[in-house]
Each structure stands twice: as structure tokens, then as C-alpha cells.
Amino acid sequence: MNNKIVILFCALAALLCVSFAISLSSGSSSMTPGRLIAALSNPSGTGTDSVIIWRVRFPRVALAMLTGMGLAVCGAVFQGLLRNPLADPYTLGISGGAALGAAIAIVSGANSAGALTLPLAAFGGSIFSVALIYFISSRHNFSTHTLVLAGVIVGFICSSLVLFIFAVTDASKLQAAIVWLMGDLSTASSRLIVTAGAAISAGTALLWMFRQQLNILTLGDEKAAHLGINTALVKKIIFLAASLITGATVSAAGVIGFVGLILPHAVRRLAGPDHRVLIPASALAGAIFLPLCDTAARTLFAPAELPVGVITGFIGGIFFLLLLLRKP
Amino acid sequence: MKKILAILILISAACNAGEPAPKRIVSLAPSITRSIYQLEAGASLAGVTIYCPAQAKDKEKIGTLLEPNIEKIVALRPDLVIATKEGNRPETVRRLNELGIPVYTMESFDNFEAICNGFIALGKRIGRQEQANAIVEQSRRRVEQVRKKSKAHRRSRVFWQVGAQPLFTVSHHSFVNDFIELAGGINIFADLKSRYPQVSREAVLHADPDVIILVAMGDVTENEAQKWKNFKPGRTGKIVTLNNTVFTDPAPASFAEGLEIISRILHE
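Residues numbered from 1 in each chain as written. Chains lettered and ligands numbered in written order. Predicted model: local features only at pLDDT ≥ 70, side-chain atom pairs only at ≥ 80, totals over all residues. Heavy atoms only, no water.

**Examining empty space enclosed by the protein**
Moving on, step 1. Overall, the coordinates contain 3 cavities of 30 Å³ or more when judged by the stated rule.
Moving on, step 2. Approximately 80 Å³ is the volume found for the second largest cavity.
Moving on, step 3. Looking at the second largest cavity, the residues that line it are G27, S28, V56, R57, R60, S186, R298 and E305 of chain A together with N69, I70 and E71 of chain B.
Moving on, step 4. For the lining of the second largest cavity, the secondary-structure elements that each account for two or more residues are α3 (48-81) of chain A together with α3 (70-75) of chain B.
Moving on, step 5. The greatest single-element share of the lining of the second largest cavity, amounting to 3 residues, is contributed by α3 of chain A.
Moving on, step 6. Within the lining of the second largest cavity, the residues separate by chemical class into 2 nonpolar, 4 polar and 5 charged. (1 Å grid on protein atoms, 1.4 Å probe; cavity = no way out; pocket = protein on both sides within 12 Å on 5 of 7 lines; lining within 4 Å. Points joined across faces, edges and corners; volume = space filled by probe spheres on them. Helix = DSSP H or I, 4+ residues; strand = E, 2+ residues; numbered from the N terminus. Nonpolar A, V, L, I, M, F, W, Y, C, P; charged D, E, K, R; others polar.)

**Overview of the domain arrangement of chain B**
Residue and element names in this part refer to chain B.
Moving on, step 1. Structurally, chain B comprises domain 1 (19-135) and domain 2 (154-267).
Moving on, step 2. A separation of 28 Å is found between the C-alpha centroids of domain 1 and domain 2.
Moving on, step 3. With 14 residues of domain 1 in contact, the opposing surface of domain 2 contributes 16 residues.
Moving on, step 4. Together, the buried faces of domain 1 and domain 2 total about 1,300 Å²; carbon and sulfur atoms form 58% of this surface.
Moving on, step 5. The largest contributions to the domain 1 side of the interface with domain 2 come from R34, F112 and I115, which together make up 37% of the buried area. (Domains from an automatic or database assignment. Contact = heavy atoms within 4.5 Å. Buried area = accessible area lost by both parts, 1.4 Å probe.)

**A word on the pattern of salt bridges**
Moving on, step 1. What the rule picks out here adds up to 18 salt bridges over all chains.
Moving on, step 2. Among the salt bridges present, the one from D294 of chain A reaches R298 of chain A, with a minimum N-O distance of 3.7 Å. In this pair, D294 of chain A and R298 of chain A both sit in helix α13 (residues 275-299), 4 residues apart, roughly one turn of the helix. Of the two residues, D294 of chain A and R298 of chain A, neither departs from the other in class, the shared state being buried.
Moving on, step 3. For R154 of chain B, the salt bridge goes to D210 of chain B, with nearest N and O atoms at 3.6 Å. Residue R154 of chain B is found in the loop between α6 (129-150) and β6 (156-161), and its partner D210 of chain B is found in the loop between α8 (201-207) and β10 (211-215); the two are separated by 56 residues along the sequence.
Moving on, step 4. Classification of D210 of chain B by relative accessible area gives partly exposed; the value is 25%. (Salt bridge = Lys/Arg side-chain N within 4 Å of Asp/Glu carboxyl O. Buried < 20%, exposed > 50% of the residue type's maximum accessible area, 1.4 Å probe, protein only.)

**Some points on the packing of aromatic side chains**
Moving on, step 1. Taken as a whole, this structure holds 11 aromatic pairs over all chains when the rule is applied.
Moving on, step 2. With a centroid separation of 5.2 Å and an interplanar angle of 65 degrees, the aromatic rings of F179 of chain B and F247 of chain B are classed as edge-to-face. Placement of F179 of chain B in helix α7 (residues 176-182) and of F247 of chain B in the loop between β11 (238-242) and α11 (252-267) is noted, with a sequence separation of 68 residues between them.
Moving on, step 3. An aromatic cluster of at least three residues, connected via ring pairs, comprises F112, W160, F175, F179, F247 and F255 of chain B.
Moving on, step 4. In this structure, R211 of chain A packs its charged tip against the face of W208 of chain A, placed 4.0 Å from the ring centre. (Phe/Tyr/Trp six-rings, centres within 6.5 Å; stacked < 30°, edge-to-face > 60°. Lys NZ or Arg CZ within 6 Å of the ring centre and 35° of its normal.)

**A short note on the packing of helix α8 (residues 190-209) of chain A against helix α11 (residues 231-253) of chain A**
Residue and element names in this part refer to chain A.
Moving on, step 1. Contact pair α8 / α11: the axes reach a minimum separation of 9 Å and the direction vectors enclose 160 degrees. As far as their axial angle goes, α11 and α8 are roughly antiparallel. Relative to α11, the crossing made by α8 is left-handed. Taken together, the residues of α11 that come into contact with α8 (itself represented by L192, A196, A199, I200, G203, T204, L206 and L207) are I237, I238, A241, A242, L244, I245, A248, T249, S251 and A252. (Axes fitted to C-alpha atoms, helices over the stretch in contact; angles between N-to-C directions. Parallel < 35°, antiparallel > 145°, perpendicular 65-115°, else oblique. Left-handed = near helix turned anticlockwise from the far one by under 90°.)

**Digging into the pairing of strand β2 (residues 45-48) of chain B**
In regular strands, side chains alternate between the two faces of the sheet.
Residue and element names in this part refer to chain B.
Moving on, step 1. Relative to β2, strand β1 (residues 25-27) is paired through 2 bridges, and the arrangement is parallel. Residue pairing across strands places I25 opposite L45, the latter belonging to β2.
Moving on, step 2. Between the parallel pair β1 and β2, the chain is carried across by helix α2 (residues 30-38), and the sense of this crossover is right-handed. (Pairing = 2+ DSSP bridges. Right-handed = clockwise from strand over helix to strand, strands pointing away.)

**A look at the interface of chain B and chain A**
Moving on, step 1. With 28 residues of chain B in contact, the opposing surface of chain A contributes 35 residues.
Moving on, step 2. Between chain B and chain A, the buried area comes to about 2,700 Å², and carbon and sulfur atoms account for 52% of it.
Moving on, step 3. In this structure, the connection of chain B to chain A is made through 3 salt bridges.
Moving on, step 4. Across the salt bridge formed by R298 of chain A and E71 of chain B, the nearest N and O atoms sit 3.8 Å from each other.
Moving on, step 5. Counting across the chain B and chain A interface gives 6 residue pairs in polar contact (both at pLDDT 80 or more).
Moving on, step 6. Residue assignment for the side of chain B that touches chain A shows that the elements contributing at least two residues are α3 and α4 (90-98) of chain B. (Polar contact = N/O pair within 3.5 Å; in protein donor to acceptor, adjacent residues only side chain to side chain.)

Structure representation (C-alpha cells):
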């Protein structure tokens, strides 16, 4: 068992390097290996190749890794915490709130005011839905099914408000909002990446600290309470940490579906349900998967770019169906 | 004397130049690409969008209006990127600025005058001021002619349809409204707040237009014309389908051409 896990982590680490290398070296402008190496070894260069590798591709790959990691960890934790295989930042309505905030920012034109308006609006939206879900759940002592139910319903309310906003806006602004709603890694500034990265890392570290409590919580609230866990408190902390991560990912990269749902499942199939393994393995899997999807989105129809959500949904969905086809 | 003359010429040349004319322009919108060709600066175009007009088919493609490929733009080493405020996303412009690429953003225009001013400003920026002035002057003359002619006619009520499901039209916040107004028509939805408002079929019937103009774009086709024929405005009035990019192109010459077409529709 231990050996298997060591092998798993070695494989994931190797895949992470491969994913990073592939993502950084592929794009719409093809470079010969010689030019590629010259550009790679010159991060502060002002030549076109260096600028493309280090100032166009690198921030994008870094953002994809961070958001992939954040989304996968959130999914893993939500699925364990809520003992529900369909739980992820989306089913829980958190990204619905973020989408609402972003839609308001784009449609009202506030987005043109500054680079941070849209991320802040998205983050504000996710805080709004988290607060709403939190408030409702707190009246039911954070019971698992209230959290799920409240999340799903808040998600529905948010998406109907987004549709309402779309129905009453100019078509020309709508399209920009739709691009964002399908996941957009192309335009994040380096400052935003650093901020979002800090929030995602802090949230992930916090969740990692609660790995044992998470394991116990998966036995059910009652048993966990018998084992000396303050279930309501632990759930609050975990819920807020995961919400912080979701808010940060969505505000930096838009709404990217399926990563938080599929990757933790795939990892659970390979590594088992122990959160001590599941959290870091999901983090690595997310950091491997999303940059590769984004690379496909950037290059498949180059110079046109696909929204990364199209790729994650399609490739991720098919991959997951294959996993399901295999007998357990 | 010769020396002084030479210096004077040099100074005036320097003043005229202001910023040096860009030699590698990337256009982020089909309408900009068209304008650049009209300004005879097509040779300076280094990159255009996938949907840019046929003239530019041999140019490098940089993706689409909404999702331009930043990497591709950087690789083309442009000395100027031209974007539109209405079509492109502000994130794109910010990202390009961050990378040290100069971006010139065209405002959105709500009437013919603004189009002319914007066109002259564009011409100035890309070192084609003379061409811009000439085109604007000529377009203004054509527009003035149409306007004079239209004064002799009764003003008909016009419904301008740009989308079928749902129905979209234009208000006075869009330059398209001037096609109707300057040709001597009345836009039945001119007073709505949004630039391209969504309206119901019922509202159109209630406003009772004399002329329905369908701009063939996406889902507006001959089917739409058939649909209106079942209603009173369709039976008694005129239904015209327009299939021409001049009606979506905010540039002076296109506007003049479009206006002449609309004038013929309304008065002949």
C-alpha cells in the first residue's frame, strides 16, 4: 500500500514536469528546439521568443496549474465533507455567485474601469453566495444535506439572475461575458496570478491541516462527534477554506467546469479515499490536467482559441466515462 | 536661403509626422481591417482576425474578435494594435499593454459625425490623414445629397431588425439609427435605452411600421420576411432584406453607401 502511494506520487511528479514542459513549449507560434532552448534559458530577454515563452505562455501555464490545483482540491474536499460524489464548487453554488458578480461587472461596463474590477466582482459574488449558504446551513447545525441543498439552490438563483442580466443587455457585451463564463486563462495579469496563487495555496494548506478530521467526517456527523470532533466548527473551517480557493480560482480564470468534479474521482479510484493522500494527489492531478487542457485549447484550432471549459468538459468527461467502464 | 527652406521643410515634416506611421499593424476587428484598406494602408497590416474581409485573406490570422491569440500577436512584432471599444474585451487591451505593445482603441460611434471624427483620428494615427480627410469629405457630400432629397418625402416609420430569436433592433445610441434618420425615416425604437435593444413581436406590431428592414446576419433570413407577411405591417408595408456589410461597418464611405441604399428603399 505504501509502496503504491510512493509510486503514485513519483508518477504524478513526473507527469507534472511533462505537463509543464509541453505547455510551455507549445503554442500557436512554432519554434525550433534550438530557439526554444535559447528562449527558455533567457527569462528576462526582450526578444520575441523570450517574451512569448516567459511573458505570454508562462503566466498562463502558471495560472492553469494554480487553478487546476485549487479546483481539484476543492472538489476532493467537498466530496468527502458532504459525502456526496456530485459535490464540487459548481454544485455548491459558489462559482454561481462568482459568475453573477462577473456578469454584473461585464454588463455594467465596470470591467473597463480597471484590471481588478472583474476579479473583485467575481470574488464578491462568491463571498455573497458562500455567506448565504453559510447562513442557511448554520440554522441546521451545518448538516451535510442542508449544505448541499442550500448550495444547489443558491446556484440556481445565481444562474437565473445571470440569465436575467443577459436577457436585458446588449448583445455586444453578452459575448464577452460568455467567453468568461466558459473559462478564460488568456488575459490574467501577473499581479492577479500572484494574488490568486497566494489565496489558493493558503486555502490548500489549511485543508491539508484538516486531513485527519476530514477522514473522520466521512464516517458521518454522528460518528465523528462521538470520536471527539467538533463537527460544526470543522465543517465551517473547511467550507470557508474551500470557498476561498473557489473564489480565487473563479475570479482569476473564469468558470472552468469538470476539473473539480472529475479529477478527485479519478484520483480516488487510483489512491483510495484517504484525504492524507487524496488532497496532495488531487492537487498534483489538477496542476497536470488543466495546463494540458489549456494547451489543447490554445493550439488545436490556432490561431483561434477555444474556451478551456470546452476541453475540460469534453476530454475530462470522456476520460471519466472510461474510468467508469472499468470494473472496480 | 536654400538652407532655411530645407530646415523649414524638415520642421514641417517633423510636425506632420508626430508619431511615426506604424509599419506593422495588427487589426483586432473586421471593421478596422476594412477601414485600413480604405485608407490605403493595407500593406502595413501584419495581422487580422479570422473573420476579416477577403482582401486580407493572405494576412496572418490572430484569432477572433473576442478571443485573439495574444501569443500570435506578440510573434508578429506589431508596432501598433488597433482594437474597438465595443467589440474587443478590455482584458485583451490591458494584457497587450502589459506586454509593452501600443494599442489604439476605436471608440464606439453613435452617429455619422462620430464615425467621421473617429475615421480621421484613425487616419492620423496610422499616417494616412490626407486619405482620411478626402474620404470623409466625399462621404459627407454624399450624405448631404441624400438628406436634401429626403426632405421632399413623407417620413415613413421603420423597423430595423438585426436578430430573429430574440428580435433585436437599434436605438439612437447606435450609428445605425442615422441610416434611418438621415434617409428621412423614423426609427420606431429610436428612444429605447440600450444600443441594440431586444423587442417583442407584439411591440413591433403595436408600433405599426411602414417599412421593415431585415439585416441579414446570423438568424435573420428570408424566413423572417415570410413571418412578417402574416401580419399587417408585412401585408401593407414594405419588407426588405439587406445583405451587405456596409450596414454593420462604422466607416464614412460604407455609411454613405448604406445611406444611399436606404434612401432608395424608403423613397422609390
